[in-house]
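Reading the structure
Listed below, chain by chain, are the residues.
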Amino acid sequence: MKKTGNDLLPFIAMVIVQLGYAGSNVVTKLVMDTGMDPFVQTAYRPIFATISIAPFAYFLERKTRPRLTLSVLFQIFLCSIVGITANQYTFCIGLKYTTPTIVCALDNLIPAFTFLLAVLFGLEKLGLRSMAGQAKLIGTIVCVGGAMLLSFYRGPVVIGQLGFHWKFAESSTDDKDINSTHTNFLLGPFILIISSVTYALWLIIQARVNDKYAAPYSSTLLMFFMASFQCMIISFCVVPKASEWALTPIRAISVVYNGTVCSSLALYLCSWCIERKGPLYVSMFNPLLLVIAAFLSWILLREKLYVGIVVGSILTVAGLYGFLWGQKKEMKQSKNGVEEEDMVEANKEDNKADLELQLVDNSDLDGIPINVQRELCGTNRNSHN
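In what follows, the accompanying structure is described. Since the structure is predicted, the reported quantities are computational estimates derived from the model, not experimental observations.

Here we take up empty space enclosed by the protein. If a probe the size of a water molecule is rolled over the atoms, the empty space left behind becomes visible. As enumerated under the stated definition, the model contains 2 cavities of 30 Å³ or more in all. Here the largest cavity is characterised by a volume of approximately 280 Å³. For the largest cavity, the lining is made up of 19 residues, of which Tyr 21, Asn 87, Gln 88, Phe 91 and Tyr 199 are closest to its centre. For the lining of the largest cavity, the secondary structure elements donating two or more residues are α1 (2–33), α3 (70–96), α8 (187–212), α10 (249–277) and α12 (286–300).

Below, the discussion takes up the pattern of salt bridges. Here the structure, examined in full by the defined rule, presents 1 salt bridge. Among the ionic pairs, Lys 29 bridges to Asp 33, the shortest N-O distance being 3.5 Å. Placement of both Lys 29 and Asp 33 in helix α1 is noted, with a separation of 4 residues, approximately one turn of the helix. We classify Lys 29 as buried; its relative accessible area is 0%. Classification of Asp 33 as partly exposed rests on a relative accessible area of 28%.

Right, let's talk about the state of the cysteines for a bit. What the rule picks out here adds up to 0 disulfides. Unpaired in this structure, Cys 92 has its nearest cysteine sulfur neighbour in Cys 231, at a distance of 9.4 Å. Of the cysteine sulfurs around Cys 273, a residue in no disulfide, the closest is that of Cys 270, at 6.8 Å.

A contiguous nonpolar surface patch, about 420 Å² in accessible area, is contributed by Leu 8, Leu 9, Ile 12, Ile 16 and Leu 265. Per-element tally for the nonpolar patch: the top contributor is α1, with 4 residues. On the secondary structure map, Leu 9 appears in helix α1.

Viewed as axis vectors pointing N to C, helix α2 (residues 38–61) and α3 meet at an angle of 145°, and their least axial separation amounts to 9 Å. The two elements α2 and α3 meet at a crossing, and its hand is right-handed. Taken together, the residues of α3 that come into contact with α2 (itself represented by Pro 38, Phe 39, Gln 41, Thr 42 and Arg 45) are Gln 88, Tyr 89, Phe 91, Cys 92, Ile 93 and Lys 96. Partitioned by chemical class, the residues of the contact of α2 with α3 number 6 nonpolar, 3 polar and 2 charged.

A few words on the nonpolar core. In terms of nonpolar packing, the biggest core is built from 55 residues, with Met 14, Tyr 21, Tyr 199, Trp 202 and Val 282 touching the most fellow members. For this core, the element with the highest residue contribution is α10, accounting for 9 residues. Ignoring sequence-local partners within four residues, the contact set of Trp 202 consists of Cys 79, Val 82, Gly 83, Met 223, Leu 267, Cys 270, Ser 271 and Ile 274.

Counted by the stated rule, this structure contains 9 aromatic pairs. With centroids separated by 5.8 Å and ring planes inclined at 15°, the aromatic side chains of Phe 56 and Tyr 217 adopt a geometry described as stacked. With Phe 56 in helix α2 and Tyr 217 in helix α9 (residues 216–238), this residue pair connects regions lying 161 residues apart in the sequence. Accessibility expressed as a relative area gives 16% for Tyr 217, which makes it buried. Where Tyr 199 meets Trp 202, the ring centres are 5.5 Å apart and the plane angle is 45°; that geometry is what we call tilted. Placement of the pair is Tyr 199 and Trp 202 together in helix α8, with a separation of 3 residues, close to one helical turn. Overall, the relative accessible area of 8% leaves Tyr 199 in the buried class. Its relative accessible area of 0% is what places Trp 202 among the buried residues.

Residue placement: Ser 52 occurs in helix α2. At 2.9 Å, the side chain of Ser 52 forms a polar contact with the backbone oxygen of Ala 49.

This part covers the environment of Asp 107. Its place among the elements puts Asp 107 in the loop between α4 (100–106) and α5 (110–120). For Asp 107, a relative accessible area of 11% corresponds to the buried category. Residue contacts for Asp 107: discarding those within four places in its chain leaves Ser 196, Asn 286 and Leu 289.

At a closest axis distance of 8 Å, the pairing of α2 and α9 adopts a crossing angle of 160°. The angle between α2 and α9 falls in the class roughly antiparallel. Seen from above, α2 lies across α9 with left-handed handedness. Of the residues that constitute the contact of α2 with α9, the class distribution is 20 nonpolar, 6 polar and 1 charged.

Each value, and the rule that gives it
- Residues numbered from 1 in each chain as written.
- Predicted model: local features only at pLDDT ≥ 70, side-chain atom pairs only at ≥ 80, totals over all residues.
- Heavy atoms only, no water.
- 1 Å grid on protein atoms, 1.4 Å probe; cavity = no way out; pocket = protein on both sides within 12 Å on 5 of 7 lines; lining within 4 Å.
- Points joined across faces, edges and corners; volume = space filled by probe spheres on them.
- Helix = DSSP H or I, 4+ residues; strand = E, 2+ residues; numbered from the N terminus.
- Salt bridge = Lys/Arg side-chain N within 4 Å of Asp/Glu carboxyl O.
- Buried < 20%, exposed > 50% of the residue type's maximum accessible area, 1.4 Å probe, protein only.
- Disulfide = S-S within 2.5 Å.
- Patch = residues over 30% accessible without salt bridge, like charges linked within 9 Å, V, L, I, M, F, W, Y side chains within 5 Å.
- Areas by Shrake-Rupley, 256 points an atom, 1.4 Å probe, with all protein chains shown as cover.
- Axes fitted to C-alpha atoms, helices over the stretch in contact; angles between N-to-C directions.
- Left-handed = near helix turned anticlockwise from the far one by under 90°.
- Contact = heavy atoms within 4.5 Å.
- Nonpolar A, V, L, I, M, F, W, Y, C, P; charged D, E, K, R; others polar.
- Core = buried A, V, L, I, M, F, W, Y, C linked by side-chain atoms within 4.5 Å.
- Phe/Tyr/Trp six-rings, centres within 6.5 Å; stacked < 30°, edge-to-face > 60°.
- Polar contact = N/O pair within 3.5 Å; in protein donor to acceptor, adjacent residues only side chain to side chain.
- Parallel < 35°, antiparallel > 145°, perpendicular 65-115°, else oblique.

Given below as structure tokens:
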């Protein structure tokens, strides 16, 4: 029962993360279509994230927080640059030139990049000789292949626009298909690929932070606090006009939602899952995001569902569960291997003790009564057990 809970809780946490990200993609796309600059959107996110997670870091970890060394602080600083500042800028700029569905589709490159980086850093092994390793590799390939199909192939329409529309979405898109709002089809995906690389790199660095600093709330708080200064400085240099920073109600909802749910909560849950399952486990849940985003875009943003979206979504989900099956099998084999090694070591100790008893010089026991000899041998055996 305990084992089932340990497997189920990370799964539920990552599903919640993907639901939060999907909602963020839709809302962020809407506010940027109405004129909000992506640099302004990015600058507000870490500020609200810092405010939202500060109480948790203080009350839950004030007695258990380990000592913060310069090495750990530097790694957290790298996480803030790579995982928040660089990742959020490339994400928002890429989203401006594409649709939420394409954004989520290209996010599925993260498993491939994470797998490559994890192998390079020695955190993962290919293990192609085992069935588990083959399942992980095939699952990754199928997952990425489905994402590519969804991104670059449309095909005929499977499901047209839904009759129900969000009133704000209608006014922001002027009753046009959201797919017609791209302004640069090549630039958007290229920037989003860079965003996937930065996120994969953050997963690797965050895994090292978790090993050395067992305070996930505090480390996440420090990351967002550092990123707040980084993003504000960059954004003010790019967008110096104060009028561009004004928050209308929908913009305020967007930045607060993104800062609390999709930044602090999501990154904390990711850090928690990385600590228990590893970085590759977290990245493999990104295919689920595109399925949710495609559904929400169809409902709220008047997006049509094409053959490429449907087939690509099926492939990515199949790849996800294929990989998870392989990873679970690999973890089980690794656990069994450790238990076998412990048994072998225990047998070696027993054999060594028996050998020492057999090598006792019989001449040393001459003249000693037989019952005393037996007691001595029993004492020696007990001393080795």
